[in-house]
Amino acid sequence: MIKSKFKIAFSLFMAVILAFSCLSVMSFAETLTIIKQPTNRSFYQGIDWSYSKDKTVSVIHTPDLAGTVLSNGKKQVAYQVSKWPNMYCQPSSGKWVAGKNTIKIYCDDFSGYATTTINFVEVDSISIVTPPSNTVFVKGLDWNSGPLGDVEFTSCNLTGLSIKVKYTDGTSKTLSYPDNQLIGWSVPENTAYIMPGDAALDATFCGKRASFPVTFAATNPFALGDATKDGQINSADALVILRHATGIVTLDYSAARLADVNKDKNINSYDALLVLQYSVGSIKGF
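Note that the coordinates shown come from a computational prediction; the quantities given were computed from them, not determined experimentally. (Residues numbered from 1 in each chain as written. Predicted model: local features only at pLDDT ≥ 70, side-chain atom pairs only at ≥ 80, totals over all residues. Heavy atoms only, no water.)

Chemist: Quick rundown of the layout of surface pockets? Include the residues and the values.
Modeler: Approximately 370 Å³ is the volume attributed to the largest pocket. Lining the largest pocket we find 18 residues, and of these Ser133, Asn134, Thr159, Leu251 and Asp252 sit closest to its centre. Grouping the amino acids of the lining of the largest pocket by side-chain chemistry returns 8 nonpolar, 8 polar and 2 charged. (1 Å grid on protein atoms, 1.4 Å probe; cavity = no way out; pocket = protein on both sides within 12 Å on 5 of 7 lines; lining within 4 Å. Points joined across faces, edges and corners; volume = space filled by probe spheres on them. Nonpolar A, V, L, I, M, F, W, Y, C, P; charged D, E, K, R; others polar.)

Below, the structure written as structure tokens:
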């Protein structure tokens, strides 16, 4: 009987201690309110986030909390831009999702967190603004014949390509390659193979497509030294060869073959000099 009463008393004592501990924890975690919302609450697919292979959302850039002001009722703290920002956020659900996300905003100055919503906006469609600088591919340089006389090639330099991306919230953004590395290319859907001549390739971005015309030339339409592939050999070719030689730009494969005018398998300032001399008539050929 005495032992039973002792157990009851001990249980009541522990319950009081536990309740007191919970109240202490609850009082320690401050209740925060958002005085000013983050300036940017919309984040765009292909710029700020993308889908992983397993179709989960992968954040490219952590949501920016600039403009946020939090308060605990006694003091206010504004978001500070620095190497180590004073605020950060996490999704309330534990993972990011396309569309609306409820987030918890934490601040170094407070023990609790505040909640708000942000939106991960998906791509609706894309269209071509400007095609790539090079849309003529030369047999033996950029492609070779397949078993059916079709085109077999493994790369497409998209330098110069820009696309207009329309998002599901009505926002439009113009993106360029190589500034945005999610811009890619492929052959058109439902195309078994491409034949030499005029054809089309698709620019791709976040699962959307837009086509641009190309030509698969069976013979080389460009003269040695025409590194810009504009049908002329002039100072512009010399300049782009020099820029390639110094690492400022990178010529695509066929342009690089045209730039190596002395055929020593190196592209350097001497090639640029020869092209410049040819363009002004100082030399008659390479």
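Chemist: Describe helix 2 (residues 235-245), naming the residues involved and giving the relevant values.
Modeler: Where helix 2 is concerned, the buried positions are Asp237, Ala238, Val240 and Ile241. Down the axis of helix 2, the smallest arc covering the buried residues is 170 degrees, so these residues share one side. Elements in contact with the buried residues of helix 2: helix 3 (253-259) and helix 4 (269-279). Here helix 2 starts with a cap whose side-chain oxygen sits 3.1 Å from the backbone nitrogen of Ala236, and that cap is Asn234. (Buried < 20%, exposed > 50% of the residue type's maximum accessible area, 1.4 Å probe, protein only. Helix = DSSP H or I, 4+ residues; strand = E, 2+ residues; numbered from the N terminus. Arc of directions from axis to C-beta. Contact = heavy atoms within 4.5 Å. Polar contact = N/O pair within 3.5 Å; in protein donor to acceptor, adjacent residues only side chain to side chain.)

Chemist: With reference to specific residues and values, describe the pattern of salt bridges.
Modeler: When the charged atoms of two side chains lie near each other, side chains of opposite charge can form a pair. Counted by the stated rule, this structure contains 4 salt bridges. One salt bridge connects Glu189 with Arg209, and the closest N-O pair in it is separated by 3.6 Å. Highlighted residues: Glu189 in the loop between strand 16 (184-186) and strand 17 (197-205) and Arg209 in strand 18 (residues 208-217), separated in sequence by 20 residues. With a relative accessible area of 56%, Glu189 lands in the exposed category. (Salt bridge = Lys/Arg side-chain N within 4 Å of Asp/Glu carboxyl O.)

Chemist: Now, about the sheet that holds strand 6 (residues 76-78): what can you tell me, with residues and values included?
Modeler: The strand order across the open sheet formed by 3 strands is 1-5-6, and the pairing between neighbours is antiparallel. Where the open sheet ends on each side, the last strands, each with one partner, are strand 1 (33-36) and strand 6. Going from strand to strand, the sheet's axes swing by 30 degrees on average, the running direction of each strand aside. Two elements, strand 1 and strand 5 (residues 69-71), share 3 bridges in a ladder whose sense is antiparallel. Note on strand 5: the bridge partner recorded for Lys36 is Val69. (Pairing = 2+ DSSP bridges. Axes fitted to C-alpha atoms, helices over the stretch in contact; angles between N-to-C directions.)

Chemist: Describe unusual backbone geometry, listing the residues and the values that go with them.
Modeler: Note the cis peptide between Tyr177 and Pro178, where omega equals 10 degrees. Looking at the secondary structure, you find Pro178 in the loop between strand 15 (172-176) and strand 16. The backbone of Lys229 shows a phi angle near 55 degrees, a positive value even though the residue is not glycine. Within the secondary structure layout, Lys229 lies in the loop between strand 18 and helix 2. Residue classification places Lys229 among the buried positions, given a relative accessible area of 13%. Residues other than glycine seldom take positive phi values, yet Lys265 does so here, at roughly 65 degrees. For Lys265, the location among the structural elements is in the loop between helix 3 and helix 4.

Chemist: Residues and numbers for the sheet that holds strand 17, please.
Modeler: Read from one edge to the other, the open sheet built from 4 strands follows the order 11-18-17-16, with strand pairing classed as mixed. Looking at which strands have only one partner, the edges of the open sheet turn out to be strand 11 (136-138) and strand 16. Direction aside, neighbouring strands of the sheet carry axes that sit 40 degrees apart on average. Examined bridge by bridge, strand 16 and strand 17 share 3 bridges and lie antiparallel to one another. Bridge assignment links Ser186 to a residue of strand 17, and that residue is Asp202.

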